[in-house]
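Each chain is listed here by its residues.
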Amino acid sequence: MKEILFATGNTAKVDRFYEKLLKNGILLKSLKDININIDIEENGKNAIENAMIKAKAYYDATKITTMAMDDTMYIDGIPEEKQPGVFVRRVNGKRLNDKEMIDYYTNLVKTYGKDEKLNTKWILGMVIIKDDKISTYTGITNEYYLVDKPAKKIKEGYPLSSILINKKLNKYDVYLTEEDKKIGQSDDNNFINFIEKVISK
């Protein structure tokens, strides 16, 4: 079975891809599996740059085929200086926990939103390093509203899924089923296909 290391400390991100890759004959290893933790300064200007920093640090340390991912968030209708960009969890130099993230972003909606919502776009960047070769993939999602009333359910590691509503299905992201994702959300198939293609080279 082929293996790939996911350079993230976020277990929710590992869970997001683990089963799907396993079905395709790829074992996704986490940082816990290799017992290595590197202090990384994510100072890239976009999702791909941050993913590159993480992937390179762990690839250089392990020489294991390594993937990393980062999110860039843009919200319509808020001042430019408040755009989260790559700093979705970091506000004014502070790393927010899940509850603080929900509080901060719901307050943005209350301050700048129309009809208690704001249009939100995610740019997702993935980098894989294999045999010293770098491959990148970028995906964009446009089908979300950020809202000021959180869902009752909160997914650890993905707190914003409790205040993001899928426009097409009019459901909180945290409540979307696999069938919902096939119908109304860009699921992870493009990323899975990208990983498979790089791994099989």
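What this report covers is the structure whose coordinates are included nearby. Every chain begins its residue count from 1, and numbering advances along the sequence as written. Two thresholds apply to this predicted model, a pLDDT of at least 70 for residue-level local features and 80 or more for giving and counting side-chain atom pairs, whereas whole-chain, interface and lining totals are computed over all residues. Here the side-chain values reflect all heavy atoms present in the structure, with hydrogen atoms and water set aside.

## What to know about the overall build of the chain
Thinking step 1. Across its full length, the chain carries six helices and nine strands.
Thinking step 2. Our radius of gyration is a C-alpha quantity, and the globule rule it is checked against amounts to 2.2 Å times the number of residues to the power 0.38. Taken against the 2.2 N^0.38 rule, which gives 17 Å for 201 residues, the C-alpha radius of gyration of the chain at 17 Å falls within 12% of a compact globule.
Thinking step 3. Counting only C-alpha atoms, the chain reaches 50 × 40 × 25 Å along its principal axes.
Thinking step 4. Throughout this description, buried means an accessible area under 20% of the type-specific maximum (1.4 Å probe, protein chains only), exposed means over 50%, and partly exposed covers the range between. The 201 residues of the chain split such that 47% are buried.
Thinking step 5. The contact definition used throughout considers only heavy atoms, calling two residues in contact when any of these lie within 4.5 Å. Pairs at least 24 residues apart make up 60% of the contacts formed inside the chain by residues separated by at least 6 positions. Numbering of helices and strands starts at the N terminus; helices are DSSP runs of H or I of at least 4 residues and strands are runs of E of at least 2.

## A short note on the packing of helix 1 (residues 11-22) against helix 6 (residues 189-199)
Packed helices, taken two at a time, are described by their axes: the angle between them and the distance between them.
Thinking step 1. Throughout, an axis means a line fitted to C-alpha atoms (over the contacting stretch in the case of helices), and angles, computed between N-to-C directions, take values from 0 to 180 degrees. For the pair helix 1 and helix 6, interaxial distance at closest approach is 11 Å and the crossing angle is 60 degrees. As far as their axial angle goes, helix 6 and helix 1 are oblique. Relative to helix 6, helix 1 is oriented so that their crossing is right-handed. The residues of helix 6 that touch helix 1, namely those facing Phe-17, Lys-20 and Leu-21, are Phe-191, Ile-192 and Ile-195.
Thinking step 2. The class makeup of the residues in the contact of helix 1 with helix 6 is five nonpolar, no polar and one charged. Any angle from 65 to 115 degrees is called roughly perpendicular, while one under 35 is roughly parallel, one over 145 is roughly antiparallel, and all others are oblique. Here a crossing is called left-handed whenever its near helix is offset anticlockwise from the far helix by less than a right angle, and right-handed whenever the offset is clockwise. Under the grouping applied here, Gly and all other residues not named as nonpolar or charged are polar, the nonpolar ones being Ala, Val, Leu, Ile, Met, Phe, Trp, Tyr, Cys and Pro and the charged ones Asp, Glu, Lys and Arg.

## A word on the pairing of strand 1 (residues 2-6)
Thinking step 1. Bridge analysis of strand 1 against strand 2 (residues 26-29) gives four bridges, and the strand direction is parallel. Residue Lys-2 lies in a different strand from strand 2, and its bridge partner there is Ile-26.
Thinking step 2. Crossovers are described as right-handed under a simple rule: with the strands pointing away from the observer, the path leading from the first strand over the helix to the second runs clockwise. Assessed by its sense of winding, the connection that carries the chain from strand 1 through helix 1 to strand 2 is right-handed.
Thinking step 3. Two strands are counted as paired when DSSP detects at least two bridges linking them. Of the pairings in the sheet, the one linking strand 1 to strand 3 (residues 66-75) comprises two bridges and is parallel in character. When the sheet's bridge partners are listed, Phe-6 is paired in strand 3 with Met-67.

## Remarks on the packing of aromatic side chains
Thinking step 1. Side-chain rings of Phe, Tyr and Trp, where Trp is taken by its six-membered ring, are said to pair if the distance between their centres is within 6.5 Å; with planes under 30 degrees apart they count as stacked, over 60 as edge-to-face, and otherwise as tilted. If you walk through the whole model with that rule in mind, you get six aromatic pairs.
Thinking step 2. Centroid distance Tyr-104 to Tyr-105: 5.0 Å. Interplanar angle 85 degrees. Geometry classified as edge-to-face.
Thinking step 3. By relative accessible area, Tyr-104 is classed as partly exposed at 22%.
Thinking step 4. Classification of Tyr-105 by relative accessible area gives buried; the value is 0%.
Thinking step 5. Here the aromatic rings of Tyr-137 and Phe-191 are separated by 5.1 Å at their centres, their planes lie at 80 degrees, and the arrangement is edge-to-face. Placement of Tyr-137 in strand 7 (residues 133-147) and of Phe-191 in helix 6 is noted, with a sequence separation of 54 residues between them.
Thinking step 6. Of the aromatic side chains, those joined through ring pairs into one cluster are Phe-6, Phe-17, Tyr-137, Phe-191 and Phe-194.
Thinking step 7. One Lys or Arg, Lys-117, reaches over the ring of Tyr-145 and ends 4.3 Å from the middle of that ring. Here, over-ring charges are defined by two tests on the NZ atom of lysine or the CZ atom of arginine: distance to the ring centre within 6 Å, and angle to the ring normal within 35 degrees.

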